[in-house]
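Chain by chain, the residues run as shown.
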Amino acid sequence: MITQQQIDAIIDAVVAELQRQGISSPPSLVGGRGAGVLGSLSLDLPDITTSAYRTRSYVENVRKPDVLRALMQTTPARIGIGHAGPRYRNIPQFIFWADHAVTQDALFKEIDSALLQQFNLFEVQTQAASRQEYLLRPDLGRKLSDAARKTLSERCVKNPDVQVYVADGLSASAIEHNLRDIFPVIQQGLQQAGLKMGTPFYVKYGRVGLLNDVNSVVDAKVVVTLIGERPGLGRAEAASAYMGYKPQPDSTDADRDVVCNIFNGGTNPLEAGAYVVEYIKRMLKHQASGIKLKLIEQGQNK
Ligand code: B12
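Summary of the structure given here. (Residues numbered from 1 in each chain as written. Predicted model: local features only at pLDDT ≥ 70, side-chain atom pairs only at ≥ 80, totals over all residues.)

Let's talk about the overall build of the protein
- Helix and strand counts for the protein come out as 12 helices and 6 strands.
- Its C-alpha atoms give the protein a radius of gyration of 25 Å, clearly above 19 Å, the size a compact globule of 302 residues would have.
- Residues classed as buried in the protein amount to 31% of the 302 residues present.
- Long-range pairs, those at least 24 residues apart, make up 62% of the contacts in the protein between residues at least 6 apart in sequence. (Helix = DSSP H or I, 4+ residues; strand = E, 2+ residues; numbered from the N terminus. Rg over C-alpha atoms; globule rule 2.2 N^0.38 Å. Buried ≥ 20, exposed ≤ 12 C-beta atoms within 10 Å, placed from the backbone. Contact = placed C-beta atoms within 7 Å.)

Here it is as structure tokens:
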């Protein structure tokens with residue numbers, strides 16, 4: 001394995017070589033490394049993740065620039081990125097890597113424990129033993145560990161009207177971005193509707209299908225999980241609320257509903273909280289969720 005000393009030596013050698021070639025500008029090197037040999041060298045680079053770089057067209061010899069610009073304004077999708085022979089051009093390639101790094105960070109991030117404390121959320125874990133296993137074995141993220149099952153049986157109110165719990169899912173960043181806004185709205189909305197709320201908690205390495213296993217312990221009428229969505233490239237802050245009426249061991253996504261894309265810029269978290277409460281009321285009214293709920297409501301509207 002390469003040591004820090006060896007890394008330092010490589011940096012010093014590269015910097016010395018750059019200086020030898022006469023590359024110099026005002027002094028500012030990240031972290032101050034190489035100050036001894038640096039002199040006036042600066043390694044500052046422009047931030048290619050800013051909108052100035054994202055909204056620019058990288059296509060050469062565009063016949064109708066206005067049309068391309070208008071097209072690019074209609075979508076955040078990667079269009080107008082051009083190509084260099086069969087490959088991406090440098091800047092679009094760098095933007096892609098930077099966005100991919102955001103995605104990786106979101107996937108591997110641990111949730112901020114101060115946030116859990118703020119909402120009195122105690123932590124339990126699914127049967128996935130590590131993040132790596134969680135990613136490779138979605139089935140384990142749908143089952144509570146034995147310890148989690150025991151903790152929930154001891155600490156949670158049983159038979160509430162509504163059980164809400166938080167899970168990291170595929171982006172702990174999404175929970176950190178939205179929980180402070182959405183959670184109080186749901187709590188207050190349920191209180192105002194006179195509904196009994198279960199004891200909230202946090203599940204590490206949770207998948208959507210965990211709703212079923214959680215309900216085998218708490219036996220609620222409606223179960224809701226606030227969970228981090230699969231991060232898009234560069235979009236790590238979107239959460240979802242998946243929910244179901246009386247989830248059973250064999251319940252599927254067809255029995256569930258979702259309010260998705262929750263973040264400031266998608267479905268605003270405050271509004272999303274209100275939607276979730278509305279969904280819960282409809283589920284309780286019709287004693288159904290998912291496709292069944294839709295069919296009942298459609299039938300009534302005919
Ligand atoms: C990944 C994904 C899928 C994957 C799920 C496979 C997997 N194992 O990951 C696939 C391609 C199968 C899929 C299919 C569908 N999806 Co989808 N999916 C997503 C996506 C991109 C991310 C979901 C996520 O991060 N979940 C969180 C992680 C932690 O959950 P998970 O446990 O790993 O995976 C479960 C959920 O993803 C769930 N799921 C995925 N899609 C849907 C849709 C609904 C309505 C429900 C209840 C559950 C559900 O299925 C997985 C297995 O249980 C979202 C986009 C978004 N912005 O959220 C759309 C999204 C949730 N899907 C959507 C839809 C409409 C569907 C389909 C109904 C499309 C169709 N007409 O067939 C199907 C139904 C899925 C089902 N299971 O019955 C919509 C929901 C819109 C809405 N408000 O109702 C979304 C928001 C996309 C969109 N913008 O339109 N989906």
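Brief notes about unusual backbone geometry
- Look at Y205: it is not a glycine, yet its phi comes out positive at around 65 degrees.
- Residue Y205 is classed as buried on the basis of its C-beta count, with 23 C-beta atoms lying within 10 Å.

What about the site of the ligand?
- Around the ligand there are 18 residues in total, and G169, R207, V208, R230 and D253 lie nearest to it.
- Counting residues per element, the shell around the ligand draws most heavily on strand 6 (residues 256-262), at 5 residues.
- Taken together, the residues of the shell around the ligand break down into 8 nonpolar, 4 polar and 6 charged. (Near = placed C-beta within 6 Å. Nonpolar A, V, L, I, M, F, W, Y, C, P; charged D, E, K, R; others polar.)

Details of the sheet that holds strand 3 (residues 201-204)
- With mixed pairing, 6 strands are arranged side by side in an open sheet as 1-3-2-4-5-6. In this open sheet, the two edge strands, each paired with only one partner strand, are strand 1 (122-125) and strand 6. This sheet shows a mean twist of 25 degrees between the axes of neighbouring strands, independent of strand direction.
- Packing of helix 11 (residues 269-286) onto the sheet brings it into contact with strand 2 (162-167), strand 4 (222-228), strand 5 (239-245) and strand 6, and relative to strand 6 it is tilted by some 175 degrees. (Pairing = 2+ DSSP bridges. Axes fitted to C-alpha atoms, helices over the stretch in contact; angles between N-to-C directions.)

Focus: helix 9 (residues 172-192)
- When the terminal C-alpha atoms of helix 9 are compared, their 29 Å separation across 21 residues agrees well with the 30 Å that a helix rising 1.5 Å per residue should span.
- For helix 9, the principal kink sits at L179 and spans about 60 degrees.
- Here helix 9 has its buried residues at A172, S173, A174, I175, E176, H177, N178, L179, I182, F183, I186 and L190. (Expected span 1.5 Å × (residues − 1). Bend = angle between axes of the 7 residues up to and from the residue.)

Notes on the nonpolar core
- Core analysis: the largest hydrophobic core is formed by 53 residues, its most contacted members being V222, V224, L226, A241, M243 and V276.
- Among the elements that take part in this core, helix 9 stands out by supplying 8 residues, more than any other.
- Excluding its chain neighbours within four sequence positions, the residues that come into contact with V224 are V162, V164, A241, M243 and V276. (Core = buried A, V, L, I, M, F, W, Y, C linked by C-beta atoms within 7 Å.)

Re helix 11
- Over its 18 residues, helix 11 extends 26 Å from the first C-alpha to the last, a length consistent with the 26 Å expected when each residue adds 1.5 Å.
- Contact partners of the buried residues in helix 11: strand 2, helix 9, strand 4, strand 5, strand 6 and helix 12 (290-301).
- Directly after helix 11, the chain includes Q287, whose backbone phi takes a positive value near 50 degrees.

Focus on the packing of helix 9 against helix 11
- Direction vectors running N to C along helix 9 and helix 11 enclose 35 degrees, while the axes themselves pass 8 Å from each other. Classified by chirality, the crossing of helix 11 by helix 9 is right-handed. In contact with N178, D181, I182, V185, I186, G189 and L190 of helix 9, helix 11 contributes P269, L270, A272, G273, A274, V276 and V277.
- Residues of the contact of helix 9 with helix 11, tallied by class, amount to 10 nonpolar, 3 polar and 1 charged. (Left-handed = near helix turned anticlockwise from the far one by under 90°.)

Section: the pairing of strand 3
- Two elements, strand 1 and strand 3, share 4 bridges in a ladder whose sense is parallel. Within the sheet, the bridge partner assigned to E123 lies in strand 3 and is Y202.
- Running through helix 9, the crossover from strand 2 to the neighbouring parallel element strand 3 is right-handed. (Right-handed = clockwise from strand over helix to strand, strands pointing away.)

Let's talk about the packing of helix 11 against helix 12
- Interhelical geometry of helix 11 versus helix 12 gives an angle of 75 degrees and a closest axis separation of 11 Å. In this view, helix 11 runs roughly perpendicular relative to helix 12, as classed from their interaxial angle. Counting all contacts with helix 11, which are made through R282, M283 and H286, the residues of helix 12 involved are L293, I296 and E297.
- Partitioned by chemical class, the residues of the contact of helix 11 with helix 12 number 3 nonpolar, 1 polar and 2 charged. (Parallel < 35°, antiparallel > 145°, perpendicular 65-115°, else oblique.)

Comments concerning the environment of S145
- One can find S145 in the loop between helix 7 (131-136) and helix 8 (146-155).
- By the C-beta count within 10 Å, which is 18 here, S145 ends up partly exposed.
- C-alpha of S145 to C-alpha of F119: the two residues are 26 residues apart in sequence and 23 Å apart in space.
- Here S145 is in contact with Q125, T126 and Q127, once residues within four sequence places are set aside.

So, the environment of I227
- Tracing the backbone shows I227 in strand 4.
- Once residues lying within four places of it in the same chain are set aside, the contact partners of I227 are A167, G169, G206, V208, A239, S240 and Y242.

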